Amino acid sequence: MVALYEAEVNAIAHAYGGKVLVDIDPDKIKMVVADKGPGIPDIALAMQEGYSTARPEVRDMGFGAGMGLPNMQKNVDKMNVTSEVGVGTTVEMEVNFQ
């Protein structure tokens, strides 16, 4: 799953802990990636292609919310992102099989 990979990599590159939960049913897969990173100040801006919240050295490797979030959105049926600066970010995604 491209979306889960993107979420995991961004959590690892930017966060200081977190968890990944995956629920697989016959009709859908639900994924939640919750981290304890710096948070995303402006989710709408971070959802724009090419915008990056990453530190320069991490951005040079091709990571950052504006790179990962749009790519995640393209590869799931439903996605919700919540974030609080200084607390962390939670990305909830769902892929339906029907």
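It should be noted that the structure appears before, not after, this text.
Model, not experiment: these values are computed from the prediction.

A.B. asks: Now, about a nonpolar patch on the surface: what can you tell me, with residues and values included?
C.D. replies: Judged by side-chain polarity, Val20, Val22 and Ile24 come together as a nonpolar surface patch covering roughly 260 Å² of accessible area. By the element assignment, Ile24 lies in strand β1 (residues 18–24). Ile24 gets classed as exposed once you look at its relative accessible area, which sits at 61%.

A.B. asks: Provide a residue-level description of the pairing of β1, including the pertinent values.
C.D. replies: Pairing of β1 with strand β2 (residues 28–35) involves seven bridges; the strand directions are antiparallel. Looking across to β2, one finds that Lys19 is bridged to Ala34. As consecutive antiparallel partners, β1 and β2 are separated by three residues.

A.B. asks: A description of the sheet that holds β1 should follow, citing residues and the corresponding values.
C.D. replies: Judged by pairing direction, the sheet is antiparallel, and its four strands sit side by side in the order β1-β2-β4-β3 without closing on themselves. Among the strands making up the open sheet, the edge pair consists of β1 and β3 (78–84). Within the sheet, the average angular offset between the axes of one strand and its neighbour, ignoring direction, is 5°. By the bridge criterion, seven bridges tie β2 to strand β4 (residues 88–96) in an arrangement that is antiparallel. Its bridge partner being in β4, Ile29 is matched across the sheet by Val95. In the packing of helix α1 (residues 2–14) onto the sheet, contacts are made with β1, β2 and β4, and the angle to β2 comes to roughly 10°.

A.B. asks: Lay out the nonpolar core in plain terms, naming residues and giving numbers.
C.D. replies: Among the nonpolar cores identified, the biggest contains 17 residues, and Met31, Leu69, Met72, Val76, Met79, Val91 and Met93 are the most heavily contacted of them. Mapped onto this core, the elements with two or more residues apiece are α1, β2, α4 (65–74), β3 and β4. If we ignore the near neighbours within four places in the chain, the residues touching Met79 are Met47, Leu69, Met72, Gln73, Val91, Glu92 and Met93.

A.B. asks: Any details on the environment of Ala34? Residues and values, ideally.
C.D. replies: Looking at where Ala34 falls in the secondary structure, it is placed in strand β2. On the basis of relative accessibility, which here comes to 17%, the residue Ala34 falls in the buried class. Each C-alpha atom, one on Ala34 and one on Gly88, is 7.3 Å from the other, the two residues being 54 residues apart in sequence. Sequence-distant contacts of Ala34, that is, excluding residues within four places in its chain, are made with Gly17, Gly18, Lys19, Thr89 and Thr90.

A.B. asks: I'd like to hear about α1, residue by residue, with values.
C.D. replies: With 13 residues, α1 extends 18 Å from end C-alpha to end C-alpha; this agrees with the ideal 18 Å at 1.5 Å per step. Within α1, burial applies to Ala3, Leu4, Glu6, Ala7, Val9, Asn10, Ala11 and His14.

Rules used in this analysis
Residues numbered from 1 in each chain as written. Predicted model: local features only at pLDDT ≥ 70, side-chain atom pairs only at ≥ 80, totals over all residues. Heavy atoms only, no water. Patch = residues over 30% accessible without salt bridge, like charges linked within 9 Å, V, L, I, M, F, W, Y side chains within 5 Å. Areas by Shrake-Rupley, 256 points an atom, 1.4 Å probe, with all protein chains shown as cover. Salt bridge = Lys/Arg side-chain N within 4 Å of Asp/Glu carboxyl O. Helix = DSSP H or I, 4+ residues; strand = E, 2+ residues; numbered from the N terminus. Buried < 20%, exposed > 50% of the residue type's maximum accessible area, 1.4 Å probe, protein only. Pairing = 2+ DSSP bridges. Axes fitted to C-alpha atoms, helices over the stretch in contact; angles between N-to-C directions. Contact = heavy atoms within 4.5 Å. Core = buried A, V, L, I, M, F, W, Y, C linked by side-chain atoms within 4.5 Å. Expected span 1.5 Å × (residues − 1).

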